Structures are given as C-alpha cells and as structure tokens.
Amino acid sequence: MKSKISILLIILACSNAYAGDRLKGDELKEFWTDKTIIGVHHKMGAIKTYHSEDGSVHSKSSSGAVRNGKWWIDESSNKKCIKWDHKNKKGCHYTEVNQNGTHTLVHGKKGKKLVEIQSSEKGNKL
C-alpha cells in the first residue's frame with residue numbers, strides 16, 4: 001500500500017513540474033502591449049484581440065462579435081486585467097507559458113483556461 005501511495009505522489013509531483021510558468025512584470029507588459037493576440041476563446045471560438053499602448057482593447061471573433069474596452073497590468077498580482085464596455089465588472093487573469101512555446105490566458109480566481117493563445121503579432125492586425 002505504501003508503495004502505491006509513493007508512486008502516486010511521484011506522479012503528482014512530476015505533473016506539477018510541467019505546469020506552465022506565469023509571465024510577470026516587464027515580460028507580462030511586453031507580451032500584451034501593442035500586440036494582436038490570435039487564439040481560441042473557450043466560449044467565443046477563434047478570436048483576434050488588439051491591446052493598444054493607450055490601454056484600449058479591441059476584439060473580433062470568427063462569429064463576428066466585436067468587443068471594446070480597457071486593459072491594464074496589475075503589477076501587484078502579475079495579472080492582465082480587462083474591463084469590457086458591455087460588462088459591469090473587470091476580469092484579471094494570468095498568462096501562462098506552455099511547453100510548446102504558446103501561451104494560455106488563465107482565469108485569475110477559478111484557474112480555468114480562457115484563451116489558448118496561438119500567436120502574438122506586433123501592432124494592430126485586426
């Protein structure tokens with residue numbers, strides 16, 4: 001029984017070692033500022049979202065939905081935050097690096113994957 005528990009603990013420890021690192025500080029700002037993010041949103045499907053240097057954000061989904069709002073980096077929590085114009089509350093989320101070099105936007109409280117980011121391009125590519 002002890003050997004089964006030991007094996008299970010080793011498996012869990014190894015799986016945690018492969019979890020994505022979170023972007024922080026300047027690397028978080030660099031990743032998002034003046035970039036068009038291309039990815040797949042868990043609810044909206046394929047999306048492109050531009051995060052401008054002035055803090056405005058514009059997003060278009062493959063279904064034709066368009067969203068606008070404001071974005072910023074919360075340096076105390078190392079999260080990227082967005083307040084969409086059509087919503088009353090803000091959302092602040094982590095940016096994780098995947099093993100294959102892509103990134104994932106992860107819900108700041110629930111830990112759910114929100115956007116699988118496939119690429120990031122400098123400037124507005126909407």
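The structure this text deals with has already been given above.
On a predicted model such as this, the values are computed, not experimentally measured, just so you know. (Residues numbered from 1 in each chain as written. Predicted model: local features only at pLDDT ≥ 70, side-chain atom pairs only at ≥ 80, totals over all residues. Heavy atoms only, no water.)

## Digging into the state of the cysteines
In the structure shown here, the tally under the stated rule is one disulfide. A sulfur-sulfur distance of 2.0 Å marks the disulfide that ties Cys-81 to Cys-92. With the S-S dihedral at roughly 115°, the linkage between Cys-81 and Cys-92 falls on the right-handed side. Placement of Cys-81 in strand S5 (residues 79-84) and of Cys-92 in strand S6 (residues 91-97) is noted, with a sequence separation of eleven residues between them. Taking the relative accessible area as the measure of exposure, Cys-81 reaches 0% and is therefore buried. By relative accessible area, Cys-92 is classed as buried at 16%. (Disulfide = S-S within 2.5 Å. Helix = DSSP H or I, 4+ residues; strand = E, 2+ residues; numbered from the N terminus. Buried < 20%, exposed > 50% of the residue type's maximum accessible area, 1.4 Å probe, protein only.)

## Quick look at the pattern of salt bridges
Under the defined criterion, the tally for this structure stands at five salt bridges. Here Glu-96 makes a salt bridge to Arg-22, at a shortest N to O gap of 3.3 Å. Of this pair, Glu-96 sits in strand S6 while Arg-22 sits in the loop between helix H1 (2-17) and helix H2 (25-32); the two residues are 74 residues apart in sequence, bridging distant segments of the chain. When its relative accessible area of 17% is taken as the criterion, Glu-96 is described as buried. The exposure class of Arg-22 is partly exposed, given its relative accessible area of 38%. A salt bridge links Glu-116 to Lys-113; the nearest nitrogen and oxygen atoms lie 3.9 Å apart. Given a relative accessible area of 33%, Glu-116 falls into the partly exposed group. On the accessibility criterion, Lys-113 (55% relative accessible area) is exposed. (Salt bridge = Lys/Arg side-chain N within 4 Å of Asp/Glu carboxyl O.)

## Side note on the nonpolar core
For soluble globular proteins, nonpolar side chains are generally found buried alongside one another. Core analysis: the largest hydrophobic core is formed by 15 residues, its most contacted members being Phe-31, Trp-32, Trp-71, Val-115 and Ile-117. Of all elements in the fold, only H2, strand S4 (66-74), S5 and strand S8 (113-122) reach the threshold of two or more residues within this core. In contact with Trp-32, not counting residues within four places along its chain, are Ile-37, His-51, Trp-71, Ile-73, Lys-80, Thr-95, Leu-105 and Ile-117. (Core = buried A, V, L, I, M, F, W, Y, C linked by side-chain atoms within 4.5 Å. Contact = heavy atoms within 4.5 Å.)

## Focus on the sheet that holds S8
Taken in spatial order, the eight strands of this closed barrel run S1-S2-S3-S4-S5-S6-S7-S8, and their pairing is antiparallel. When the angles between neighbouring strand axes are averaged without regard to direction, this sheet yields 35°. Relative to S6, S5 runs antiparallel, the two sharing three bridges. If you follow Cys-81 over to S6, its bridge partner there is Cys-92. Those strands touched by H2 are strand S1 (35-41), strand S2 (45-51), S4, S5, S6, strand S7 (103-107) and S8, and its axis lies near 85° from that of S1. (Pairing = 2+ DSSP bridges. Axes fitted to C-alpha atoms, helices over the stretch in contact; angles between N-to-C directions.)

## Quick word on the environment of Ile-38
Among the secondary structure elements, Ile-38 is positioned in strand S1. A relative accessible area of 17% means that Ile-38 is categorised as buried. For the pair Ile-38 and Ser-119, spaced 81 residues apart in the sequence, the C-alpha separation amounts to 5.3 Å. When sequence neighbours within four positions are dropped, the list of residues in contact with Ile-38 reads Ile-47, Lys-48, Ile-117, Gln-118, Ser-119 and Glu-121.

Such coordinate-based values are descriptive only and should not be taken to indicate function.
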